[in-house]
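Chains, contacts and geometry: an overview
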Amino acid sequence: MSSPSTLPRSAARSPADLAAAGLVTLERARELEAVAARYAVALTPAMASLIDPADLHDPIARQFVPDPAELASLPQELSDPIGDEAHAPVDGVVHRYPDRVLLKLLHVCPVYCRFCFRRESVGPGGASALSPEAFARALAYVAARPAIWEVILTGGDPLAMAPRRLREIMQALGGIGHVKIVRIHTRVPAVDPARIDEAMIAALKASGKTVYVALHANHPRELGDAARAAVARIVDAGLPMVSQTVLLRGVNDDPDVLAELMRAFVENRVKPYYLHHPDLAPGTAHLRVDISRGREIVAALRGRTSGLCQPEYVLDVPGGWGKSPVGPVYAREDAPGSWRVTDYEGREHTYADPRPPEPRRP
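Here is a short report on the structure shown in this document. (Residues numbered from 1 in each chain as written. Predicted model: local features only at pLDDT ≥ 70, side-chain atom pairs only at ≥ 80, totals over all residues. Heavy atoms only, no water.)

**Points about helix α6 (residues 163-174)**
- Taking 1.5 Å of rise per residue, the 12 residues of α6 would be expected to cover 16 Å, and the 16 Å separating its terminal C-alpha atoms lies within 8% of that figure.
- Of the surrounding elements, those touching the buried residues of α6 are α5 (132-143), β3 (150-154), β4 (181-186), α8 (198-203) and β5 (210-216). (Helix = DSSP H or I, 4+ residues; strand = E, 2+ residues; numbered from the N terminus. Expected span 1.5 Å × (residues − 1). Contact = heavy atoms within 4.5 Å.)

As structure tokens, then:
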């Protein structure tokens, strides 16, 4: 782990900051300037403290410390890999599914993940948040559509906002009767746990709404004592939590690591929700795994870890077509009424599934 004497007291936001914190050499920092010129860099002290600079394959560093490989893009990689723009009726809103919308409140984060699918739009280079006028239009869009049952706050990281502003947003959503669920996607409880104070927790609540907090974490080391305490403060306040994780090469593409992470979520009252196949964001090929390997890893979780620990392995179909499950297939129909079912150890069994009899007519 990094030496306390060199750790940054505030977020490291440049290769020079990373070098000063002892996370990269000066020579490496010079190599990373070109990466930092293209993609935002930020690493909180909480995450910096988890990195072992002597480990060239440190799973925390792979997520946050830039890599020259990011400058190499493949033809199939896209600036908007999940197609947000194709479903953006007004600024800040993504309406891909009938009953829910994304509300992208801001474009900044306390940390910048090297695999981020919005890496072309987040960071300090542009507008940091929706303008009041844009937010009003986004709110009017939601209010005018009774089919919208859930609003998902994203960005950027919504918990990077001041609690006062977040409270105003939650109060505004509280005034829309047909919105029943507000889901907030964040990394903050793990990467900057001190932000989860009484003011922030109070800001997370909305009158008449059920609020879920979705925690993004990718490696069990991220859930240290401070992060677990932050999660406990949220859950103890009556806010249920779910998880999201990205399957990443060199970070969690190992059944034992992933099982440890899922168990850590459950032990801390966070229900595993999504395991994302990595998106085709520019310059992220060195962090991606293929779907066949992803299926092997997910299959290894089945039966060996509690059913509470099973996330759904999903792929965001490029072009804006939404999420599709891509996990292992455990049953297939050989013939009418006959199925081949695979158990958790890979053994196949025949299952007779006769058609139920027609109900008798009175």
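**Section: the sheet that holds β3**
- Spatially, nine strands are ordered β1-β2-β3-β4-β5-β6-β7-β8-β9 in an open sheet, and the strand pairing comes out mixed. For this open sheet the edge positions go to β1 (93-97) and β9 (323-325), each flanked by a neighbour on one side alone. Taking the axes of each pair of neighbouring strands and ignoring which way they run, one obtains an average angle of 30 degrees across the sheet.
- The pairing of strand β2 (residues 100-104) with β3 spans five bridges and is classified as parallel. Across the sheet, the residue bridging to K104 is T154, located in β3. (Pairing = 2+ DSSP bridges. Axes fitted to C-alpha atoms, helices over the stretch in contact; angles between N-to-C directions.)

**Points about the nonpolar core**
- Residues L103, V151, L153 and M170 are the most contacted members of the largest nonpolar core, which totals 61 residues.
- In terms of residue count, the dominant contributor to this core is helix α10 (residues 255-267) (six residues).
- Other than its neighbours up to four places away in sequence, L153 contacts L103, L105, P158, L166, M170, L173, V182, R183, I184 and H185.
- Judged by nonpolar contacts, the second largest core, of 32 residues, contains A21, A48, F64 and C116. (Core = buried A, V, L, I, M, F, W, Y, C linked by side-chain atoms within 4.5 Å. Buried < 20%, exposed > 50% of the residue type's maximum accessible area, 1.4 Å probe, protein only.)

**A word on the pattern of salt bridges**
- Scanning the model with the defined rule gives 24 salt bridges in all.
- The closest approach of N and O atoms between R38 and E120, which form a salt bridge, is 3.5 Å. Of this pair, R38 sits in helix α2 (residues 26-38) while E120 sits in the loop between β2 and α5, placing them 82 residues apart in sequence.
- Taking relative accessible area as the criterion, R38 reaches 42% and is therefore assigned partly exposed. (Salt bridge = Lys/Arg side-chain N within 4 Å of Asp/Glu carboxyl O.)

**Structural notes on the packing of aromatic side chains**
- Taken as a whole, this structure holds one aromatic pair when the rule is applied.
- Geometrically, the ring pair formed by Y273 and Y274 is stacked, given 4.1 Å between the ring centres and 20 degrees between the ring planes.
- A cation over an aromatic ring shows up here: R165 above the ring of F135, its NZ or CZ 5.0 Å from the ring centre. (Phe/Tyr/Trp six-rings, centres within 6.5 Å; stacked < 30°, edge-to-face > 60°. Lys NZ or Arg CZ within 6 Å of the ring centre and 35° of its normal.)

**Some details on the layout of surface pockets**
- Approximately 860 Å³ is the volume found for the largest pocket.
- Elements supplying a minimum of two residues to the lining of the largest pocket: β1, β2, β3, β4, β6 (241-246) and β7 (270-276).
- Of the residues in the lining of the largest pocket, the class split is 18 nonpolar, nine polar and 10 charged.
- In this structure, the second largest pocket spans a volume of roughly 420 Å³.
- Around the second largest pocket, the lining is made up of 20 residues, and of these R28, D55, L56, A61 and V65 lie nearest the centre.
- The residue inventory of the lining of the second largest pocket, partitioned by class, reads nine nonpolar, three polar and eight charged. (1 Å grid on protein atoms, 1.4 Å probe; cavity = no way out; pocket = protein on both sides within 12 Å on 5 of 7 lines; lining within 4 Å. Points joined across faces, edges and corners; volume = space filled by probe spheres on them. Nonpolar A, V, L, I, M, F, W, Y, C, P; charged D, E, K, R; others polar.)

**Topic: helix α11 (residues 291-301)**
- When we look at burial in α11, the residues that qualify are G294, I297, V298 and L301. Seen along its axis, α11 keeps its buried residues to an arc of 95 degrees; they face one direction.
- Contacts from the buried residues of α11 go to α10, β7 and β8 (312-316).
- Backbone geometry just after α11 places G303 at a positive phi near 85 degrees. (Arc of directions from axis to C-beta.)

**What to know about the sheet that holds strand β10 (residues 331-335)**
- Pairing in this open sheet of three strands is antiparallel, and the strands run β10-β11-β12 from one edge to the other. Only two strands of the sheet have a single partner each, and these edge strands are β10 and β12 (348-352). Going across the sheet, the axis of each strand differs from the next one's by a mean of 30 degrees, ignoring polarity.
- Taken together, the four bridges between β10 and strand β11 (residues 338-342) define a ladder with antiparallel strand orientation.

**Thoughts on the pairing of β6**
- Of all six residues making up β6, six are buried, and the element is well covered by its neighbours.
- On β6, burial covers both faces: M241, S243 and T245 on one face and V242, Q244 and V246 on the other are all buried.
- Both β5 and β6 contribute to a ladder of four bridges, which runs parallel. Looking at β6, one finds that A214 is bridged to V242.
- Taken together, β5, helix α9 (residues 225-236) and β6 constitute a β-α-β crossover, and its handedness is right-handed.
- Across six bridges, the pairing between β6 and β7 is parallel. Note that in β7 the partner of Q244 across the bridge is Y274.
- In this view, the connection linking β6 to its parallel neighbour β7 by way of α10 has right-handed handedness. (Right-handed = clockwise from strand over helix to strand, strands pointing away.)

**Side note on the side chain of Q63**
- With respect to the element layout, Q63 can be found in helix α4 (residues 59-64).
- From its side chain, Q63 meets the backbone oxygen of P59 in a polar contact 3.3 Å long.
- In terms of polar contacts, Q63 uses its side chain to reach the side chain of E222, at 3.0 Å.
- Excluding anything up to four places from it in sequence, Q63 contacts Y112, C113, R114, F115, R187, N218, H219, E222, L248 and V251. (Polar contact = N/O pair within 3.5 Å; in protein donor to acceptor, adjacent residues only side chain to side chain.)

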